[in-house]
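Chain residues, written in single-letter form:
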There are 2 protein chains.
Amino acid sequence: MPATLARVRRAQEAMRARGVDALFVGPSADLRYLLGYHALPLERLTLLVVPAEGDAALVVPELEAPRAVASGAADLVDVRTWGETEDPFRHVADVVRAAGVADRPVYAVQDRLWSAFTLRLQEAIPADGWVAGTTVMRELRLTKTPEEIAALRRVGRAIDDVHRRVPDLLRPGRTESEVGRDIAELILAEHDEVNFVIVASGPNGASPHHETADRVLTAGDAVVVDIGGTGDGYCSDNTRNYVLGAPPDGYQELHDVLLAAQEAGVASVRPGIAAEEVDAAARAVIEAAGYGEFFVHRTGHGIGVEEHEEPWIVAGNDEPLREGMAFSVEPGIYVPGRYGARIEDIVAVTASGAERLNTVDHDLTVVPTG
Amino acid sequence: MPATLARVRRAQEAMRARGVDALFVGPSADLRYLLGYHALPLERLTLLVVPAEGDAALVVPELEAPRAVASGAADLVDVRTWGETEDPFRHVADVVRAAGVADRPVYAVQDRLWSAFTLRLQEAIPADGWVAGTTVMRELRLTKTPEEIAALRRVGRAIDDVHRRVPDLLRPGRTESEVGRDIAELILAEHDEVNFVIVASGPNGASPHHETADRVLTAGDAVVVDIGGTGDGYCSDNTRNYVLGAPPDGYQELHDVLLAAQEAGVASVRPGIAAEEVDAAARAVIEAAGYGEFFVHRTGHGIGVEEHEEPWIVAGNDEPLREGMAFSVEPGIYVPGRYGARIEDIVAVTASGAERLNTVDHDLTVVPTG
């Protein structure tokens, strides 16, 4: 049985265990995970309908049917195409009816289905309850199989290789955007897709979600480079810090603290501790060094077929870590108006601790300015 | 008053006219349209809350607050940031409560809000009715102001200029993907963002939504090139057809029919006719020539701050055309296993007919193969 049909069966088991009568999955990471079909997010409805018992069906617009079939989805589930002037929700209702769902059903909707579709579903197939798709999907995706960890390991090495070439691209006089475009090409050479490229220089480094801008790199700049792509369906994500010539005042010290914090976070990882303990371990180091107010985000996020997924490594998340979970450990320190730094590795939880899936040098890389 | 706050006020008027008590808008084209804020679609909630009366507020994660403020959104509406461990829906409920909405309210949710957020909203602020955000937004976005048409005209010229350079990129021995990357660079030179690049050669041209693949271009190939980007917030979208050397058997004839069909579609456009009549006008020419079964999609889609938006130019849509509407007229003929062709212009409805916003040569372009 192809791995993907096994995943549909596991989803059905999870639905029966949780009292969910059907699951609806639009174009999303969950659809890729379940069927291997990378559907486009279009205003025309594409929806995988998975009843708790019986056969799943994929409702697709006629126009998309060739892509759906080419993906192999038709080998796994019944594909029902709808024509340009038909109501696709009648097909959805037919599949649900054919599966003979309960009288007062509870339905789960994949988390990222557009509200326009969610509201139409609620109209087309009234139910007693509507729950988030994650109710069904999170357990499947939260811990990875050894094959999935191997895929994350491969893509982790690929992004490490990109970081090794970043120093060649950083030169005073180039803009962040120019550097970003070169990095995107390197990512694409090692992955199937570029997910994001952050090149945050000087004061831009103090904004954790800055992407790239027209700012020109200058000697003495600290540069945060946070990059990721998708290869064979799994995501990479890795952040390192660079300086052009001598580090600005205080930056090496800040980076030393950050490195110790990241080490402490990774060292804390083992099955059974709560996700928030990893956050606390990294944060404690930064707070003790007096930088607490400058660490303005959570310590990490899960990763897999999506670049951001559960488990969230954040205060308040008491989810116990389990072998096979994979997530980022990425503390950051952001000094507004001056500079910022973030060190990020993806780690996989092992039976006794953590395996780092990124191993490229963690130190601050000094790029000679000539 | 900045144009964007005027748009929020117009949305509030539309809400009062339609009995909607509040509108919720997540990261989307509607948010860009209303506030000029290009928010990232993240698992952390960003939500513009617009009550029918009173002041709107933007609920943003702390981490995104600098981007929201930099966008100018804070000059237009109250920005309420929520911290990493807070429940953002309490902020949403507070804004709704402060606006004093009706007892049995009806709420509108922007069409692309993720279901995870939609379901949480339905829990956090129970209502008598939940309607699609388009109920409020469609009238605002359906007809464009003269300034918006001017923006579409500028971006139309930009994509025409890219098409003028496509023949230089098409050579036997290059892959679709290589050509596509070059085209993406040309688009980026003329726009702020690349939206999509379709280079569909030979039999790949028979799949309307093929993007690019590793297929190597060969003398005698027909190539469909459908490209678009975003400039100053407005989208371009233009399709032309090329052949490498002599056209394959029957292709020139097919293209002649298609050109006549596209002309007929554009010629039919004027205020007062139904959107579906444009589809019918183009389709009639293709059917009369015996290619009806190979025209497998609607004739067009509206365009503006989004590349696909209302009005849909499709059978069954009796929406009367109005001055200021802008949409594509893009009939196609797809012969499975052989080749395909599509000719697309964006047109704006004028007082008496249509203005083509793309004017680059519509004929089949023969690229010499040396």
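Residues numbered from 1 in each chain as written. Chains lettered and ligands numbered in written order. Predicted model: local features only at pLDDT ≥ 70, side-chain atom pairs only at ≥ 80, totals over all residues. Heavy atoms only, no water.

Trainee: Would you take a moment to explain the domain arrangement of chain A for this structure?
Mentor: The figure often quoted for interface size is the accessible area lost as the parts come together. All names here are of chain A. What the domain assignment reports for chain A is domain 1 (5-141) and domain 2 (146-367). Centre-to-centre, using C-alpha coordinates, domain 1 lies 35 Å away from domain 2. Contact with domain 1, which involves ten residues of that partner, is made by ten residues of domain 2. When the two sides are added together, the surface that domain 1 and domain 2 hide from each other amounts to roughly 810 Å², 26% of it contributed by carbon and sulfur. (Domains from an automatic or database assignment. Contact = heavy atoms within 4.5 Å. Buried area = accessible area lost by both parts, 1.4 Å probe.)

Trainee: What is the right way to read the interface of chain B and chain A from this model?
Mentor: Residue-level contacts link 36 residues of chain B with 36 residues of chain A. For the chain B face of the interface with chain A, the top three residues by lost area are Glu43, Leu63 and His209 of chain B, together amounting to 19%. Where chain B packs against chain A, one counts two salt bridges. Linking Arg298 of chain A and Glu43 of chain B is a salt bridge whose minimum nitrogen-to-oxygen distance equals 2.7 Å. Elements with a contribution of two residues or more to the side of chain B that touches chain A: α6 (115-124), β6 (129-132) and α9 (176-190) of chain B. When residues in the side of chain B that touches chain A are grouped by element, the largest group, five residues, is from α6 of chain B. Tallied by class, residues from the side of chain B that touches chain A come to 17 nonpolar, eight polar and eleven charged. (Salt bridge = Lys/Arg side-chain N within 4 Å of Asp/Glu carboxyl O. Helix = DSSP H or I, 4+ residues; strand = E, 2+ residues; numbered from the N terminus. Nonpolar A, V, L, I, M, F, W, Y, C, P; charged D, E, K, R; others polar.)

Trainee: Would you explain the sheet that holds strand β5 (residues 106-109) of chain A in this entry?
Mentor: Within a sheet, adjacent strands bond to each other through the backbone by hydrogen bonds, running parallel or antiparallel. Residue and element names in this part refer to chain A. Pairing in this open sheet of six strands is mixed, and the strands run β4-β3-β2-β1-β5-β6 from one edge to the other. This sheet does not close on itself; its edge strands, each paired only once, are β4 (78-82) and β6 (129-132). Taken pair by pair, the neighbouring strands of this sheet meet at an average axis angle of 20°, ignoring direction. The pairing of strand β1 (residues 22-25) with strand β2 (residues 47-51) spans four bridges and is antiparallel. Across the sheet, the residue bridging to Phe24 is Val49, located in β2. (Pairing = 2+ DSSP bridges. Axes fitted to C-alpha atoms, helices over the stretch in contact; angles between N-to-C directions.)

Trainee: Honestly, the sheet that holds strand β4 (residues 78-82) of chain B in this entry has me stumped. Any pointers?
Mentor: Residue and element names in this part refer to chain B. Across the sheet, which stays open at both edges, the six strands sit in the order β4-β3-β2-β1-β5-β6 with mixed pairing between neighbours. A single partner strand is all that each edge strand has here, and the edge strands are β4 and β6. With strand direction ignored, the average angle separating the axes of adjacent strands in the sheet is 20°. Where strand β5 (residues 106-109) and β6 come together, four bridges link them in parallel fashion. Looking across to β6, one finds that Ala108 is bridged to Val131. Across the sheet, helix α5 (residues 88-98) is in contact with β1 (22-25), β2 (47-51), β3 (57-61), β4 and β5; its angle to β4 comes to roughly 150°. Packing against the sheet, helix α7 (residues 134-142) makes contact with β1, β5 and β6, and its axis sits at approximately 30° to β6.

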